[in-house]
Structures are given as structure tokens and as C-alpha cells.
Amino acid sequence: MINKRLFEHYKIDTNKNLHIQNRCGRPFDTVLIDSLGSCYACECTAWLPQSIGNIQVQPMEEILSSAKRKHLQQSIDDHSYRYCNQAQCSYLQKLGILESERQEFTIRLAIDNSCNLQCPSCRTDRIFVSRGVVLTRKKAWIDKVVEWINKQTRPIRIVIGSDGDPFASLVYRYFMTQAENHQWNHVTYDFQTNGMLVSKMYQRYQWVFDRTEVLNISVDGSTAEVYEKLRKGGSFEKLLENFQFLQNVKRKFQVHLHMVVQKVNWHQMPAVFKMLDRYGFERAYFNLIQDWGTNININEQTEFVNQLKYNEIKAELSKDIRARLHQLS
């Protein structure tokens, strides 16, 4: 039932017992669907790498009632967490401070990594599904998700992004068209985007944006020179135009900025944080660059940034962020 090689790849000891008394709700209230149609009972495939089914050949109902999903859930209920990656899971890294099961069910759509940009930290080539059998197949997966949503009454949160750009992707645009057509009152949305197409898509998918809770925007620089070096194909001027649009529109959702901190941009962290007040956004997140197999020298990147006291800068900004959130609450 369990693919041992997967867990060995992530260096997960499946014989461990972490004795965590708190109950993580993710294997009970979340499903992630990846670009191959494989489904996972967690927010991240690296945190709990065992697939519980595949939407190419199974309906959602069968996947969510599978023996594999129940087996993974049992590893939470017996407090062992033996299949969880404690080295990477952000919940387990909080020393067992876990989030309990949510009332809403979360579907994380990661089925298409199409994007209008080609960022060196993310990919080595342009990726875009525009036609043919791949597009047809992924639309069929969307149809299965839509069919399942139509049968549900409990609140559902759809999270789209992080694998590509949801507003550039024809697959995700197809999903948003379905959402517009059905206008589900029990569904809300979160997006992760590079921000280039926000104003254009806002006009096209008004219902979806009205039901959106968080719009996450990747910002890897506070100047055109740095931003356009790290966001190949992006326009800093266009990004700021979309920020201005979000500042002026009567939005119901929060806007969170995300920065992948690296050798070229670490010094612009404070300036990115200041964008929150400039445009009326809510939060900023700073994450050190990771190795995504794009031929970057990850050791050089992390060593250089750490030598420049990245952690100290982040800690100082965290104080400002906490103070700001306290004022907003």
C-alpha cells in the first residue's frame, strides 16, 4: 500500500513514532491534485508523499474514500505521524503546534504549471499548455472536480497557484469559467500569482474575485532592475499598475506579497515590506530560495544570503509585521 521508495527519497523514517498528541487536520480536510493527476492528503507532496489516488482514472468520491487515505489518517490518529516529513512540514517544525480539522474542505489545484514568466529560480524553459491532448486531458480533470463540488454542501476552499500562474493558465481559466457559470455560494478561492494579469482577469471573472479570500502575489524585487532580472518576461511597471488597480478597487479579499530571497535581492526585503502600506495590502512573506532543479548554485545562494544576516533581517521585519497585524486586528 505504501511506496517505500518515495519515503526513502524524502528521507522519511516510516517506522518512527513522534508521539504528537495534537491532531493535524490536513489528511482529513485537504486534497492536492498534481500535474500528473495524482492526489495527496496534504498541502504539500513533500510533506506526505504518498498518493491516495489519481483523478485521471478515478472520481473524487473514490479517491477520498480510498484505503490509502484512511491508512494515512490512521497514522495521525495513533499519534505516530510516521509518514510525515518532520524535516520539511512547517506545522511539525512548530514543535507540534498543529491546526485542527477545518470546517471547510480544501482542494489545492496544482495540475498545470503553465506560466507567462520564466523565472530562473523556478524553471529553465518556458512552460505553457495551449492546445492538444494535454489541455483536453487536464480540462477533463477539472470537470471531475466540478462534478464533485456540485454534490457538496459543506464549505469548500479552492487554492490555485504556486506551480504556475493561475491567470495565464488556460486550464485554470477553464476552471474559473466553470465557477462563474455555477456561482457556488459554498466555495471560496485563494490564488498565488505573479500579478501581471490581475486587473484583466478581475474584469473577466468578477464572481470568482468576489468570493476570493486571499490573493498571493510573488514579488522578488522593489526595483525594475532586480525584479525583471529575477522575473524573466515580467514588467515591474506592469506589476505596479496592477498594485494600483488593487489599491483602488473595492476588493473583499486580502493581498499578501511573497518574496523568494536570494543573492540578488536580499537587500530589498525592507522595501518590499513597505509596499504593504503604500498599496494598502495586508501581509508579506519572505522565504529563502530553494533548490527546484533549475541548475542554480543553491549552496552559493544560501551561504551568501546567510552571511549577510538574512535571518536577522527577517526577524526584524517579523516584528514589524506582527505589530502591523496587531493594528489591523
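This text goes with the structure placed above it.
As the structure is a prediction and not an experimental result, all values here were calculated from the model. (Residues numbered from 1 in each chain as written. Predicted model: local features only at pLDDT ≥ 70, side-chain atom pairs only at ≥ 80, totals over all residues. Heavy atoms only, no water.)

Caption draft 1: Up close: the packing of aromatic side chains. With the rule as written, the count across this model stands at 16 aromatic pairs. Aromatic side chains Phe175 and Tyr189 sit 6.4 Å apart centroid to centroid with 70 degrees between the ring planes, which places their arrangement in the edge-to-face category. You can see Phe175 sitting in helix α6 (residues 170-182) and its partner Tyr189 sitting in strand β6 (residues 187-193), a full 14 residues away along the chain. Neither Phe175 nor Tyr189 differs from the other in exposure class; each is buried. Here the aromatic rings of Tyr202 and Phe209 are separated by 5.0 Å at their centres, their planes lie at 50 degrees, and the arrangement is tilted. Just as Tyr202 is buried, Phe209 falls in that class too. One aromatic cluster is present, formed by Phe167, Phe175, Trp184, Tyr189, Phe191, Tyr202, Phe209, Phe245 and Phe253 through successive ring pairs. Over the aromatic face of Phe28 sits the side chain of Arg23, whose NZ or CZ is 3.7 Å from the ring centroid. (Phe/Tyr/Trp six-rings, centres within 6.5 Å; stacked < 30°, edge-to-face > 60°. Helix = DSSP H or I, 4+ residues; strand = E, 2+ residues; numbered from the N terminus. Buried < 20%, exposed > 50% of the residue type's maximum accessible area, 1.4 Å probe, protein only. Lys NZ or Arg CZ within 6 Å of the ring centre and 35° of its normal.)

Caption draft 2: Inspection of the nonpolar core at higher detail. With 86 residues, the main nonpolar core has Ile107, Leu109, Ile149, Ile158 and Phe175 as its most contacted residues. Here the element with the most residues in this core is helix α5 (residues 132-150); it accounts for 7 residues. Not counting chain neighbours up to four residues away, the residues in contact with Ile158 comprise Ile107, Leu109, Ile149, Phe175, Val187, Thr188, Tyr189 and Asp190. (Core = buried A, V, L, I, M, F, W, Y, C linked by side-chain atoms within 4.5 Å. Contact = heavy atoms within 4.5 Å.)

Caption draft 3: Seen up close, the packing of helix α10 (residues 236-248) against helix α11 (residues 269-279). Their axes nearest at 10 Å, the elements α10 and α11 cross at an angle of 40 degrees. Considered as vectors, α10 and α11 are oriented oblique to each other. Where α10 abuts α11, its residues Phe236, Leu240, Phe243, Gln244 and Gln247 lie against Met275, Arg278 and Tyr279. Counted by class, the contact of α10 with α11 contains 5 nonpolar, 2 polar and 1 charged residues. (Axes fitted to C-alpha atoms, helices over the stretch in contact; angles between N-to-C directions. Parallel < 35°, antiparallel > 145°, perpendicular 65-115°, else oblique. Nonpolar A, V, L, I, M, F, W, Y, C, P; charged D, E, K, R; others polar.)

Caption draft 4: Layout of the sheet that holds strand β3 (residues 51-54). If you walk across this open sheet you meet the 9 strands as β3-β2-β1-β4-β5-β6-β7-β8-β9, and the pairing is mixed. Both edges of this open sheet fall to β3 and β9 (283-288), since each of them pairs with a single strand only. Sheet twist, expressed as the mean angle between neighbouring strand axes with direction ignored, is 20 degrees. As paired elements, strand β5 (residues 156-161) and β6 share 6 bridges and run parallel to each other. For Val159, the partnering residue across the bridge sits in β6 and is Asp190. (Pairing = 2+ DSSP bridges.)

Caption draft 5: Summary view of the side chain of Ser38. Structurally, the position occupied by Ser38 is in strand β2 (residues 38-40). On the basis of relative accessible area, Ser38 is assigned to the buried category, the value being 14%. Residues contacting Ser38, with those up to four places away along its chain left out, are Leu32, Ile33, Ser51, Gly53 and Asn54.

Caption draft 6: Focus on the pairing of β6. Counting buried residues along β6, 7 of its 7 residues qualify, which places the element largely inside the surrounding structure. This β-α-β element, β5 to α6 to β6, shows right-handed connectivity. (Right-handed = clockwise from strand over helix to strand, strands pointing away.)

Caption draft 7: Geometry of the packing of α5 against α6. Packing of α5 against α6 brings their axes to within 9 Å, and their N-to-C directions diverge by 30 degrees. Classified by the interaxial angle, the pair formed by α5 and α6 is roughly parallel. Two packed elements cross with a definite hand, and for α5 against α6 that hand is right-handed. Within the contact between the two elements, α5 uses Leu135, Lys138, Lys139, Ile142, Asp143, Val146, Ile149 and Asn150 and α6 uses Leu170, Val171, Tyr174, Phe175, Gln178 and His182. (Left-handed = near helix turned anticlockwise from the far one by under 90°.)

Caption draft 8: Here's a closer look at unusual backbone geometry. Despite not being glycine, His79 shows a phi value in the positive range, around 70 degrees. A residue is classified by how much of its surface remains accessible, and His79, at 27% relative accessible area, is partly exposed. Its identity is not glycine, yet Gln183 carries a phi of approximately 45 degrees, on the positive side. Assignment of secondary structure puts Gln183 in the loop between α6 and β6.

Caption draft 9: Looking closely at the side chain of Ser75. Among the structural elements, Ser75 can be located in helix α4 (residues 67-77). The class of Ser75 is buried, set by a relative accessible area of 1%. Other than its neighbours up to four places away in sequence, Ser75 contacts Ser80, Tyr81, Arg82 and Tyr83.

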